[in-house]
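Observations on the model geometry
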Amino acid sequence: MIHPVIMAGGTGSRLWPLSRQLNPKQFLKLTDDRLSMLQLTVARLDGMESADPLLICNEEHRFLAAEQMRQAGYKDARIILEPCGRNTAPAIALAALQLTKAAGEDSADPLMLVLAADHLIQDVTAFQQGIQKAVPLAQQGNLVTFGIVPSHAETGYGYIQQGQALEPGSYSVNRFVEKPDLTTAQGYLASGDYLWNSGMFMFGARQYLAELQKYRPEILAICQAAVDNANEDIHFTRINESIFADCPEDSIDYAVMEKTRNAAVVSLDAGWSDIGSWSALWEVSEKDTNGNSFGGDVIAHDTESTLVRAESRLVATVGVKDLVIIETKDALLVAHKDKVQDVKKVVERIKGDGRHEHMNHREVYRPWGVYDSIDNGQRYQVKRITVKPGAKLSVQMHHHRAEHWIVVSGTAKVTNGEKTYLVTENQSTYIPVGQIHSLENPGVIDLELIEVQSGSYLGEDDIVRLEDVYGRG
C-alpha cells in the first residue's frame, strides 16, 4: 500500500498576480478549467493501490485546502498544518512521524510517495508506471527520487547524475548538482547521463526518519517533539508552533538525499513541469497558430507568442510579441517572457511599500463562502458576500465599524444583539458599532448580500470572534 503525501506549501510569488500569499498557485486552476493544481495531483492517483492522501499545508491555507480536497472526493481529508514553513525535510518528517504512529511499531514500514501539489504531469499513465518501478526499490531500503528526462538545456532546475543501472529505467545516484549555467546544462543534455530533479520521492517512512536521524538529528528531534505535542482539530493535525518554530530550515535534498548512500533515481518521461513561472505556463499551454495562449475575454490583433489571462474584463492586444499579460480584479502584470523570473521582485516591492496586493485577491475565500471587496473609500467599504447553504459566520463584534446588510437573494438568519430574525430578498438590516452579531444561511441556496461598512477603521483585524464553528480564535 502506497501512502501519498502531498506537500502544498509555498506562495508561488513568481506567478503573481494570480498567485497570492493566501491563495497560492497550488490552489489555482492554472492548467485546467475544472481542477486546481492540488486537485490534479490528487486525481492522477486514481487507479493506483494507495491510501487516501495525507496533505501538508500552511495553517493559513487550511480551509482552502480542506474545501478543495472535499471537492476532490475526500470529505474528511487528513491535513497536517504547519504553523510556519521550514522547507521540505521537516515537512516530510512530520508526515513520516504521523504515518509510523498510525501504523504501529509492529507493522511494515509505511511506503511514502511524496508529491508536490503544484506540478503538472501530462502523461498520467507514464507517471503511474514510474511509481510502480519505484516500489521494489523503496522496499529494498532505497530512498528513491524521480528524475525527469530532459527535453532541453534548462537552467532553472537542479540535475541528478545517473550512476549504475539497477533495473530498467532506474539507477543509483552519482550526485545531485545545482541549477547550472547554460553551457553546463547543454553539456548535461549532450551526455545523456543527467535528469532533471523533480522533487518527488518514494521511501519507507521509518527509512527516511533513520536517514534524517543520521544526518540531521536536530531536525528529527524537534519534529518529533512538535508531533508529540500536536492537537487534533476535526481532521486537521495542528503542529505545535512554539516547538516547530525552532526547527532548522532545510530541503530534503540538502538534509538527506545528497548525503545518503541509499539514493536511487527512477527515470520519468511524463510531460512534467513545475510551472515555476509564467513562461513555463506558456510553454505547456495549448496555443493558436501564432503561438498565443489566451484565457478569458481576449481580443488580439497582430499578436505573437504571447500569454494572456483575463480574469475580470476584456483585454485587447495590438502589435505585441513575447509578452505575458495577467489581469485580475485588483492588479495587472505586463512582462516580457524572458524576464518573468523577476516577477518576485515586484512582489518584494509591494511588500516593502506596505501594500496588500501580494496577500490576497479582491475576492477572498472563507470556510463559510466568499466575499468580494467591490468598493472602498474614506470611512466606508462595500462587499458582496456569498454564504453557502447551512454555513454560519462567527459570532463577533467590531469596535470601529457599523455594518448594513442588504439581501440580494436567499434568506439570512441574523443575530443582532438579543434579537434573532430572518432577512429575505430586498430587505436589509443594520448592525451598530460594538453590537454582538452573527450571520447564517438557513436555506438550501446560496445567500447573496451586499455589506456596507462605515466607520473609523475597516480592517479585517477589527473582528472580535466570540464563538466560531471553524475553530478560529
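A few points on the structure. Because the structure is a prediction, the values reported are computed rather than measured. (Residues numbered from 1 in each chain as written. Predicted model: local features only at pLDDT ≥ 70, side-chain atom pairs only at ≥ 80, totals over all residues. Heavy atoms only, no water.)

Our next topic: unusual backbone geometry. Going from Trp-16 to Pro-17, the amide bond is cis rather than trans, its omega being 10°. For Pro-17, the position within the fold is in the loop between strand S1 (2-7) and helix H1 (37-43). Positive phi, close to 60°, is recorded for Asp-322, a residue that is not glycine. Relative to the assigned elements, Asp-322 resides in the loop between strand S17 (315-321) and strand S18 (323-327). Given the relative accessible area of 22%, Asp-322 is considered partly exposed. (Helix = DSSP H or I, 4+ residues; strand = E, 2+ residues; numbered from the N terminus. Buried < 20%, exposed > 50% of the residue type's maximum accessible area, 1.4 Å probe, protein only.)

Right, let's talk about the packing of helix H3 (residues 88-103) against helix H6 (residues 205-215) for a bit. Two quantities define a packed helix pair, namely the angle between the helix axes and the distance between the axes. Put simply, H3 and H6 touch, their axes get as near as 9 Å, and they point 135° apart. Considering their axes alone, H3 and H6 lie oblique with respect to each other. For the element pair H3 and H6, the recorded crossing hand is left-handed. On H6, the residues touching Ala-89, Ile-92, Ala-93, Ala-96, Leu-97 and Thr-100 of H3 are Ala-205, Arg-206, Tyr-208, Leu-209 and Leu-212. Of the residues in the contact of H3 with H6, the class split is nine nonpolar, one polar and one charged. (Axes fitted to C-alpha atoms, helices over the stretch in contact; angles between N-to-C directions. Parallel < 35°, antiparallel > 145°, perpendicular 65-115°, else oblique. Left-handed = near helix turned anticlockwise from the far one by under 90°. Contact = heavy atoms within 4.5 Å. Nonpolar A, V, L, I, M, F, W, Y, C, P; charged D, E, K, R; others polar.)

As a further point, take the pairing of strand S8 (residues 170-177). Relative to S8, strand S7 (residues 159-167) runs antiparallel, the two sharing six bridges. Directly across from Ile-160, in S8, lies its bridge partner Phe-176. Hairpin connection from S7 to S8: two residues lie between these consecutive antiparallel strands, with Gly-169 at a positive phi of about 85°. Two elements, S8 and strand S12 (residues 263-268), share three bridges in a ladder whose sense is antiparallel. Bridged to Ser-172 within S12 is Ala-264. (Pairing = 2+ DSSP bridges.)

With that settled, consider the packing of aromatic side chains. Under the defined criterion, the tally for this structure stands at nine aromatic pairs. Centroid distance Tyr-159 to Tyr-188: 5.1 Å. Interplanar angle 55°. Geometry classified as tilted. Separated by 29 residues along the polypeptide, Tyr-159 in strand S7 and Tyr-188 in helix H5 (residues 182-191) bring together distant segments of the chain. On the basis of relative accessibility, which here comes to 11%, the residue Tyr-188 falls in the buried class. For the pair Tyr-188 and Tyr-194, a centre-to-centre distance of 4.0 Å together with 20° between the ring planes defines the contact as stacked. Each member of the pair, Tyr-188 as well as Tyr-194, carries the same accessibility label: buried. Through successive ring pairs, a cluster of aromatic residues spans Phe-63, Phe-236 and Tyr-470. The cationic tip of Lys-337 hangs over the ring face of Trp-282; the distance from NZ or CZ to the ring centre is 4.0 Å. (Phe/Tyr/Trp six-rings, centres within 6.5 Å; stacked < 30°, edge-to-face > 60°. Lys NZ or Arg CZ within 6 Å of the ring centre and 35° of its normal.)

Moving on, we come to the sheet that holds S18. If you walk across this open sheet you meet the four strands as S14-S16-S18-S19, and the pairing is mixed. One side of each edge strand has no neighbouring strand; the edge strands of this open sheet are strand S14 (293-295) and strand S19 (332-336). When strand polarity is set aside, the average angle formed by the axes of neighbouring strands in this sheet is 5°. When S18 meets S19, the two strands line up antiparallel, connected through five bridges. In the strand pairing of S19, Ile-326 is matched with Leu-333.

In the contact formed by H3 and helix H7 (residues 217-228), the axes pass within 9 Å of each other and the chain directions differ by 50°. Between H3 and H7, the crossing angle belongs to the class labelled oblique. As for how H3 packs across H7, the hand of that crossing is right-handed. Where H3 abuts H7, its residues Pro-90, Ala-93, Leu-94, Leu-97 and Gln-98 lie against Ile-219, Leu-220, Cys-223, Gln-224 and Val-227. A breakdown of the residues in the contact of H3 with H7 according to their chemical character gives eight nonpolar, two polar and no charged.

Inspection of the secondary structure puts Val-324 in strand S18. A sequence separation of 13 residues divides Val-324 from Lys-337, and the C-alpha atoms of the two residues are 6.0 Å apart. In this structure, Val-324 is in contact with Trp-278, Leu-307, Leu-333, Val-334, Ala-335, Lys-337 and Val-340, ignoring residues within four places of it in sequence.

In the structure shown here, the tally under the stated rule is 23 salt bridges. Here Arg-238 and Glu-59 are joined by a salt bridge, their closest N and O atoms 2.4 Å apart. Note that Arg-238 is positioned in strand S11 (residues 236-238) and Glu-59 in the loop between strand S2 (54-58) and helix H2 (62-71), a separation of 179 residues in sequence. A relative accessible area of 22% means that Glu-59 is categorised as partly exposed. (Salt bridge = Lys/Arg side-chain N within 4 Å of Asp/Glu carboxyl O.)

Just geometry here; none of it tells us what the structure is for.
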